[in-house]
Amino acid sequence: MTASKPVQLDVARIRADFPIFQRTVRDGKPLVYLDSAATSQKPVSVIEALAGFYRTSNANIHRGIYELSEEASIRYEEARARVARFIGAARSEEIVFVRNTTEAINMVARTWGASRLRAGDVVVTTVLEHHSNIVPWHQLAAERGIVVRFVDIDDTGRLRLDQLETFLRNEPVKLVAVTHVSNALGTINPVREIARLAHEAGALLLIDGAQSVPHLPIDVRELSIDFLAFSGHKMLGPFGIGVLWARYELLSALPPFLGGGGMIRTVTTEGFTPGDVPARFEAGTPSVADAVALGAAVEYLEAIGLAAIRQHEVSLLDYALPRLAEIPGIRLYGPVGADRAGVISFTLGDIHPHDVAAILDTHGVAVRAGHHCTQPLMRRLGVTATTRASFYLYNWEADVDRLVAALREACRVFGVAG
Amino acid sequence: MSDLYREQILDHYQNPRNYGTLDHPDRSFEDSNPLCGDRIRIDLKIADDRIVDIRFSGRGCAISQASASILTELVKGKSLDEVRELGAQDLLDELGVPISPARRKCALLSLKVLKAAAYGLNEWPS
C-alpha cells in the first residue's frame with residue numbers, strides 16, 4: 001500500500017495499557033479483538049479518568065457556586081478544548097457534546113435541516129453510509145418532502161464522484177452527507193474533493209467521522225467541511241459521549257435542538273430565548289464524566305500520534321490482505337490502495353457470516369458479522385451479510401495469524417475446498 | 001471442532017432432511033429474521049389433524065437450517081395437538097448444542113414458522 005517506513009508502534013507496550021487484554025475468553029484463550037470498528041477497547045488512563053472524576057471531582061457543572069462544581073465545570077470545558085484542538089477546530093465553542101455520532105447527525109437534521117430545508121430540496125448521501133446517516137434524511141423526506149439521493153459505488157467499493165457531480169449540477173442540493181471512512185468496506189472517501197464539489201454547487205458538507213476521527217489525522221479546516229460527527233467510544237473513550245463539530249458562524253445561526261435547562265438565556269411564562277453556542281445544543285445535564293474521559297482518550301491518542309496509528313494499521317492491512325486472500329473460498333470486499341482503512345469485510349464460501357463469526361469466537365477471535373447497519377450497501381454488494389475484522393493501535397500481526405488460522409478451521413468444519 | 005458445530009448440526013445443514021416444497025400443501029408459511037437474513041418456509045400436508053408430510057426450504061446460517069431439518073423429523077407424523085405442546089426448549093434439546101442468546105432466533109425460526117403454518121400462531125415460541 002505505502003512504501004514509506006512507518007514509525008513503529010510499540011504494540012506490546014500499548015497493549016499493557018489496556019486491561020482487557022489481561023483476560024481470556026472461551027476457556028482460557030487469549031482475546032483477539034478485531035471489532036474496534038464497533039467499539040474500541042479502553043486504556044487504563046481513560047478508565048481512571050472516568051472513575052477519578054466520580055471519585056474526586058463529581059458535581060454538576062456551570063451553576064454551582066462552590067469549589068467542586070467549579071472544578072467539574074473546568075474539567076468539562078478542558079475536555080471540550082482538547083477535543084477542539086484534536087480536530088483542528090478554530091475555537092472550543094464549536095464542539096457540541098452529544099451521545100454519539102447518530103445523535104450528532106440527528107441534531108444536524110433537526111436543527112439545520114428543519115430550519116433550512118423545504119420540500120423538493122435535495123440531500124445527497126451514499127450507498128456506503130451507516131443507517132445513522134440515512135434514516136435521519138429519510139425522516140426529513142417523510143416529514144418535509146425533501147428528496148434523498150444516493151451516490152453509488154463502483155465495483156472496487158469507491159464512490160462514484162461522477163454521480164455526485166451530476167446530482168450537484170442538476171438538482172437543488174443543499175447538503176452532501178457522506179461518511180469519511182466506510183464502516184463496512186474501509187473505503188476512505190476523498191473528503192477534500194467532495195467538499196470542493198459540494199461548495200462549488202452551494203451545498204454544505206456533513207462528514208460522518210465515526211470511523212475516521214479515531215484512526216486518521218483530521219483537520220476540519222484543512223478538509224474544508226461544515227459538519228463533523230463522531231463518537232467517543234470508538235476512539236478509546238467511554239460510551240455515551242460524542243461530538244458534533246460545526247463552524248461557529250454556522251452553529252450560531254441554528255435553532256436549539258432539545259429544550260430544557262442549560263440551553264436557555266431566559267425563560268418566562270411567555271417563552272424563552274436560547275443561550276449561546278454550544279450551550280444552546282446541550283440541554284440538560286451532560287455526560288460530564290464521559291466528556292472528561294474522552295479528553296483523556298484524546299490525550300492518549302495524541303501521545304502516540306494519529307499518523308503513527310494510521311501507519312500501523314496500513315502495515316497490518318499489508319500483512320493481512322495477502323494472507324487472507326490465500327484462504328479457500330474467501331471473498332474480500334473493499335478497495336485495495338492508499339484509500340483503505342483497517343477494516344476487512346469478507347465472505348467465506350457459502351458459510352453464513354454468523355457461522356464464521358461463531359467459529360472464530362470459539363478460537364477467541366472477536367469479529368463482527370451481519371449487515372453492519374449498512375443494508376443498502378449489502379444489497380448493492382449482493383450479500384445479506386459479511387464478516388468484518390477491524391484493526392486499531394493495539395492489534396498486531398499475531399492477531400492476524402490467529403484470525404487466519406481460525407478461518408482455515410472454519411473452512412475445514414464446513415468443507416469449503418480450495 | 002467447536003461445540004456449536006457438532007457432527008449432527010453439520011450433517012443436517014449439509015444434508016437437510018425433508019427439504020423442498022409440497023405441490024399442494026394444506027398449510028404453508030414463510031418467515032425470516034431480517035437482521036441476519038435467515039429465511040424458512042414450511043409446507044404441511046395434514047390428515048385427521050396429523051402432519052402426514054412436511055417440507056422445509058430456505059437459506060441462512062447453519063443453526064437455522066439444521067434446526068429446521070431436525071424439526072421436520074421431530075414432528076412428521078405428530079398430531080397438531082402434539083405440535084401445539086412443543087416448546088422452544090424441546091427443539092433446543094433436540095439440537096444438542098449450546099445456543100447463545102444471540103443465536104436463539106436462528107435456532108427457533110423454524111419452530112416459529114411451523115406454529116404459524118400449523119395453527120396460525122405467529123409469535124416467538126416460548
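What counts and what doesn't
- Residues numbered from 1 in each chain as written.
- Chains lettered and ligands numbered in written order.
- Predicted model: local features only at pLDDT ≥ 70, side-chain atom pairs only at ≥ 80, totals over all residues.
- Helix = DSSP H or I, 4+ residues; strand = E, 2+ residues; numbered from the N terminus.
- Rg over C-alpha atoms; globule rule 2.2 N^0.38 Å.
- Buried ≥ 20, exposed ≤ 12 C-beta atoms within 10 Å, placed from the backbone.
- Contact = placed C-beta atoms within 7 Å.
- Nonpolar A, V, L, I, M, F, W, Y, C, P; charged D, E, K, R; others polar.
- Pairing = 2+ DSSP bridges.
- Axes fitted to C-alpha atoms, helices over the stretch in contact; angles between N-to-C directions.
- Expected span 1.5 Å × (residues − 1).
- Bend = angle between axes of the 7 residues up to and from the residue.
- Domains from an automatic or database assignment.

Colleague: Let's hear about the overall build of chain A: which residues, and what values?
Modeller: From N to C terminus, chain A includes 14 helices and 17 strands. Taking 22 Å as the expected radius of gyration for a compact globule of 418 residues, we find that chain A reaches 22 Å, a close match to that expectation. For chain A, the C-alpha atoms occupy an extent of roughly 75 × 55 × 40 Å along the three principal directions. Evaluated residue by residue, chain A yields a buried proportion of 50% over its 418 residues. At a minimum sequence separation of 6, the contacts of chain A that also span at least 24 residues come to 72%.

Colleague: Explain the interface of chain A and chain B to me, using residue names and the numbers behind them.
Modeller: Residue-level contacts link ten residues of chain A with twelve residues of chain B. Residue contributions to the side of chain A that touches chain B peak at five residues, all from helix 12 (residues 353-362) of chain A. When its residues are assigned to classes, the side of chain A that touches chain B shows four nonpolar, five polar and one charged.

Colleague: Please give an account of the sheet that holds strand 1 (residues 27-33) of chain B that cites residues and values.
Modeller: For sheets, the rule is that strands pair by backbone hydrogen bonds, running either parallel or antiparallel. Residues and elements named next belong to chain B. Pairing in this open sheet of three strands is antiparallel, and the strands run 1-2-3 from one edge to the other. Each having just a single partner strand, strand 1 and strand 3 (50-59) make up the two edges of the open sheet. Direction aside, the axes of adjacent strands within the sheet are offset by 15 degrees on average. Two elements, strand 1 and strand 2 (residues 38-47), share seven bridges in a ladder whose sense is antiparallel. If you follow asparagine 33 over to strand 2, its bridge partner there is aspartate 38.

Colleague: Quick one: what's the story with helix 2 (residues 44-57) of chain A, residue by residue and with numbers?
Modeller: All names here are of chain A. The terminal C-alpha atoms of helix 2 lie 18 Å apart, and with 14 residues this matches the ideal 20 Å at 1.5 Å per residue to within 8%. A maximum bend of about 30 degrees is found in helix 2 at alanine 51. Among the residues of helix 2, those classed as buried are Val46, Ala49, Leu50 and Phe53. Buried-residue contacts for helix 2 involve helix 3 (67-86) and helix 10 (288-304).

Colleague: Tell me about the environment of A:Ala338, and name the residues and values.
Modeller: Residues and elements named next belong to chain A. Within the fold, alanine 338 resides in the loop between strand 13 (330-333) and strand 14 (343-348). Of the residues examined, alanine 338 has 9 C-beta atoms within 10 Å and is grouped as exposed. In the structure, alanine 338 is positioned 309 residues away from lysine 29 in sequence and 34 Å away in space, judged by C-alpha atoms.

Colleague: Describe in detail the domain arrangement of chain A, supporting the description with residues and values.
Modeller: Residues and elements named next belong to chain A. One can read the domain layout of chain A as domain 1 (11-30 + 305-414) and domain 2 (47-303). The distance between the C-alpha centroids of domain 1 and domain 2 comes to 28 Å. Of the residues lining the interface, 23 residues belong to domain 1; the matching set on domain 2 comes to 23 residues. Those elements that place two or more of their residues in the side of domain 1 that touches domain 2 are helix 11 (306-325), strand 14, helix 13 (375-381) and strand 17 (386-390).

Colleague: Give me the pairing of strand 14 of chain A: which residues, what numbers.
Modeller: Residue and element names in this part refer to chain A. Extensive coverage of strand 14 is indicated by the burial of six of its six residues. Burial along strand 14 is two-sided: Val343, Ser345 and Thr347 facing one way and Ile344, Phe346 and Leu348 facing the other are all buried. Strand direction decides the pairing type here: strand 13 and strand 14, joined by four bridges, are antiparallel. Residue pairing across strands places leucine 332 opposite phenylalanine 346, the latter belonging to strand 14. Across four bridges, the pairing between strand 14 and strand 17 is antiparallel. Along strand 17, the bridge assignment pairs phenylalanine 346 with threonine 387.

Colleague: Describe the environment of A:Glu77, and please don't skip the residues or the numbers.
Modeller: Tracing the backbone through its elements, the reader meets A:Glu77 in helix 3. In sequence terms A:Glu77 and A:Ile61 are 16 residues apart; their C-alpha atoms lie 9.7 Å from each other.

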